[in-house]
Amino acid sequence: MLALIALVNSAVYLYGRPYGVRNHIVETDLTDRVISALVVVFADSRAYPMFAFLFAYGVARMAPERARSRNLWLIVFGFVHAVLLFPGDVLGLYGLLGFGVIAMSRLRDRTLLVLAGGWLVLTAVIQGGAYSMPSNGERSFFWSFETADPLAALALHPVEWLMTPFGLLGVGAAALVGVWAARREVLAEPERHRRLLRHVATWGITAAMLGGLPSGLAVAGVWHPGGLWLLAAVHAVTGVAGGLGYAALMGLIAMRIRRPNAVVRAIAACGERSLSCYLFQSVVFVLLLKPYTLGLGGTLGSAEVAVLALATWLVSVLLADLLRRRDMRGPAETVLRKARELRSSRA
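The rules behind each value
Residues numbered from 1 in each chain as written. Predicted model: local features only at pLDDT ≥ 70, side-chain atom pairs only at ≥ 80, totals over all residues. Heavy atoms only, no water. 1 Å grid on protein atoms, 1.4 Å probe; cavity = no way out; pocket = protein on both sides within 12 Å on 5 of 7 lines; lining within 4 Å. Points joined across faces, edges and corners; volume = space filled by probe spheres on them. Helix = DSSP H or I, 4+ residues; strand = E, 2+ residues; numbered from the N terminus. Nonpolar A, V, L, I, M, F, W, Y, C, P; charged D, E, K, R; others polar. Buried < 20%, exposed > 50% of the residue type's maximum accessible area, 1.4 Å probe, protein only. Polar contact = N/O pair within 3.5 Å; in protein donor to acceptor, adjacent residues only side chain to side chain. Lys, Arg positive; Asp, Glu negative; His and termini not counted. Salt bridge = Lys/Arg side-chain N within 4 Å of Asp/Glu carboxyl O. Contact = heavy atoms within 4.5 Å. Axes fitted to C-alpha atoms, helices over the stretch in contact; angles between N-to-C directions. Parallel < 35°, antiparallel > 145°, perpendicular 65-115°, else oblique. Patch = residues over 30% accessible without salt bridge, like charges linked within 9 Å, V, L, I, M, F, W, Y side chains within 5 Å. Areas by Shrake-Rupley, 256 points an atom, 1.4 Å probe, with all protein chains shown as cover. Charge placed at Lys NZ, Arg CZ, Asp CG, Glu CD. UniProt positions renumbered as here; feature names shortened; annotations may be inferred. Left-handed = near helix turned anticlockwise from the far one by under 90°. Core = buried A, V, L, I, M, F, W, Y, C linked by side-chain atoms within 4.5 Å.

Trainee: Sorry if this is basic, but what is going on with the layout of surface pockets here?
Mentor: A probe as big as a water molecule, rolled over the atoms, marks out the empty space that is left. In this model, the largest pocket occupies a volume close to 1,700 Å³. At the level of elements, helix H1 (2–12), helix H3 (47–60), helix H4 (64–84), helix H5 (91–104), helix H10 (228–256), helix H11 (262–272), helix H12 (274–289) and helix H14 (331–346) are the ones that each hand at least two residues to the lining of the largest pocket. The dominant element in the lining of the largest pocket, judged by the number of residues it contributes, is H3, at seven residues. When grouped by side-chain class, the residues that make up the lining of the largest pocket number 30 nonpolar, four polar and seven charged. Considering only enclosed or pocket space, the second largest pocket measures out at about 620 Å³ in volume. Contributing to the lining of the second largest pocket are 28 residues, with Val12, Tyr131, Phe141, Phe142 and Gly167 lying nearest its centre. Listed by contribution, the elements that provide at least two residues to the lining of the second largest pocket are H1 and helix H7 (150–163).

Take a look at the structure:
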């Protein structure tokens with residue numbers, strides 16, 4: 001999940017060239033065009049629904065008081081992260097989503113799934129409109145990523161952060177399904193739900209690939225569609241299917257792991273310290289890519305920044321595993337725990 005998020009987020013930092021479909025830079029190099037298309041097809045609007053499903057699944061299994069405290073601090077972390085580093089932050093959004101999950105915990109199963117379907121329709125309408133406006137070669141959002149003045153860029157961050165939910169509406173549908181899945185312990189007992197997981201993985205990922213391919217071809221400049229609204233709507237809706245498919249695929253893979261090896265333990269350590277690893281990505285990207293730091297976002301292509309994204313994720317996995325070996329939490333998890341303890345003691 002964090003690897004996919006790194007790929008999606010790193011592409012936002014590219015600037016200094018004309019922008020095209022889905023606010024991606026217009027590439028001329030064949031390798032860059034292929035990589036940008038692959039990121040759009042397999043990760044863009046697919047990684048965050050996967051995150052939402054897993055997040056809602058976890059919150060639904062928590063004690064309400066613990067979940068409320070965690071959600072509140074996620075909003076605080078998200079605000080700080082958005083203002084100082086990455087205005088596309090999702091921590092605050094997921095904190096709000098967590099309160100929604102608590103409220104939805106009393107809904108019937110059928111109601112959850114009906115609401116998820118309705119939310120998908122809303123997602124198609126709003127995200128279709130958000131990405132249907134022609135760019136004329138200019139950025140449609142996240143203007144701070146091409147702003148050389150650091151103070152001016154930081155001043156834009158809060159506004160851009162408030163706009164972020166409109167580009168991630170699909171996470172609401174994925175979260176509703178996450179609550180439904182948590183009641184059945186779909187990922188906690190994958191052997192009992194093997195058939196369901198297999199169907200969701202197969203059809204969800206297939207839908208994401210087919211639904212994302214038109215956008216990928218458009219971003220790569222291979223196809224020049226006339227109806228951007230329909231293109232964006234299909235991309236968003238199939239992205240939710242893809243996120244659920246990825247989560248189901250991980251459940252199927254987990255069933256086959258009887259004795260975790262070093263690689264599995266390292267990735268698990270990253271998952272246990274996902275907040276720190278997510279923030280680590282932003283620190284690296286800001287230091288290397290922003291115009292007011294090293295400014296590599298103005299020179300790197302889509303292929304190069306994708307390599308940087310995966311390398312950053314790999315370093316975060318290695319650092320997380322090092323902390324695991326020393327029996328230490330991640331720095332962000334430590335701060336979150338201390339903040340919650342301080343609030344509890346005052347209460």
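Trainee: Sorry, what's going on with the side chain of histidine 235 here?
Mentor: Following the sequence through the fold, histidine 235 ends up in helix H10. The exposure class assigned to histidine 235 is buried, which follows from its relative accessible area of 0%. For histidine 235, the side chain forms a polar contact with the side chain of serine 215, separated by 3.4 Å.

Trainee: I tried to follow the side chain of glutamate 160 on my own but got confused; where do I start?
Mentor: Its location among the elements puts glutamate 160 in helix H7. One buried charge, glutamate 160, has no salt-bridge partner; the nearest side chain with opposite charge is lysine 290, at 6.7 Å. Polar contacts involving the side chain of glutamate 160 include one to the side chain of serine 144, which spans 2.7 Å. With residues near it in sequence (within four places) discarded, glutamate 160 still touches Pro87, Phe142, Trp143 and Ser144.

Trainee: I tried to follow the packing of H4 against H7 on my own but got confused; where do I start?
Mentor: When two helices pack together, you describe them by how their axes are tilted relative to each other and by the distance separating the axes. Look at H4 against H7: their axes get within 7 Å of each other, and the N-to-C directions meet at 135°. Comparing the axis directions of H4 and H7 gives the class oblique. Across the interface between the two elements, Ile75, Gly78, Phe79, Ala82, Val83 and Leu84 of H4 pack against Leu154, His157, Pro158 and Trp161 of H7. Across the contact of H4 with H7, the residue classes tally to eight nonpolar, two polar and no charged.

Trainee: Looking at this structure, how should I read a positive patch on the surface?
Mentor: Where like charges cluster on the molecular surface, the positive patch consists of Arg194, Arg198, Arg256 and Arg258. Structurally, arginine 198 can be placed in helix H9 (residues 194–219). For arginine 198, a relative accessible area of 47% gives the class partly exposed.

Trainee: Got a minute to help me understand the UniProt feature "domain: DUF418" (unreviewed entry) in the chain in this structure?
Mentor: UniProt annotation of "domain: DUF418" (unreviewed entry) refers to residues 181–339 when read in the numbering used here. The distance separating the terminal C-alpha atoms of residues 181–339 is 30 Å; by composition the span is 74% helix and 0% strand.

Trainee: Honestly, the packing of helix H6 (residues 109–130) against H10 in this entry has me stumped. Any pointers?
Mentor: Contact pair H6 / H10: the axes reach a minimum separation of 7 Å and the direction vectors enclose 140°. In terms of their interaxial angle, H6 and H10 are classed as oblique. Of the two possible hands of crossing, H6 and H10 adopt the one that is right-handed. The segment H6 lies against H10, with Leu120, Thr123, Ala124, Val125, Gln127, Gly128 and Gly129 engaging Leu228, Trp229, Ala232, Ala233, Ala236, Val237 and Val240. Looking at the contact of H6 with H10 residue by residue, the classes come out as 10 nonpolar, four polar and no charged.

Trainee: Honestly, the pattern of salt bridges in this entry has me stumped. Any pointers?
Mentor: A pair can form between side chains of opposite charge whenever their charged atoms are brought close. Following the criterion strictly, the structure yields nine salt bridges and no others. Residue arginine 184 pairs with aspartate 109 through a salt bridge whose shortest N-O separation is 2.5 Å. With arginine 184 in the loop between helix H8 (170–183) and H9 and aspartate 109 in helix H6, the pair connects residues that are 75 residues apart, well separated along the chain. Looking at arginine 184, the relative accessible area reads 27%, which means it is partly exposed. Of the charged contacts in the structure, one is a salt bridge between arginine 325 and aspartate 321, with a shortest N-O distance of 3.0 Å.

Trainee: Just to check I follow, could you spell out unusual backbone geometry for this structure?
Mentor: Only a minority of non-glycine residues have a phi that is not negative, and only a minority of peptide bonds are not trans. Even without being glycine, asparagine 23 reaches a positive phi, approximately 65°. Accessibility expressed as a relative area gives 11% for asparagine 23, which makes it buried. Phi at glutamate 185 takes a positive value of approximately 55°, unusual for a residue other than glycine. Relative to the helices and strands, glutamate 185 resides in the loop between H8 and H9.

Trainee: Can you help me understand the nonpolar core in this one?
Mentor: A general feature of soluble globular proteins is that nonpolar side chains tend to end up buried together. Within the largest apolar cluster, 82 residues are counted, with the highest numbers of intra-cluster contacts made by Tyr48, Phe53, Tyr94, Val171, Tyr278 and Phe285. Dropping the residues within four chain positions of it, tyrosine 278 is found in contact with Leu2, Ile5, Asn9, Tyr48, His81, Phe86, Gly88, Asp89, Val90 and Leu91.

Trainee: How should I be thinking about the environment of tryptophan 180 in this particular structure?
Mentor: Locating tryptophan 180 in the fold gives a position in helix H8. For tryptophan 180, a relative accessible area of 18% corresponds to the buried category. For the pair tryptophan 180 and threonine 111, spaced 69 residues apart in the sequence, the C-alpha separation amounts to 9.8 Å.

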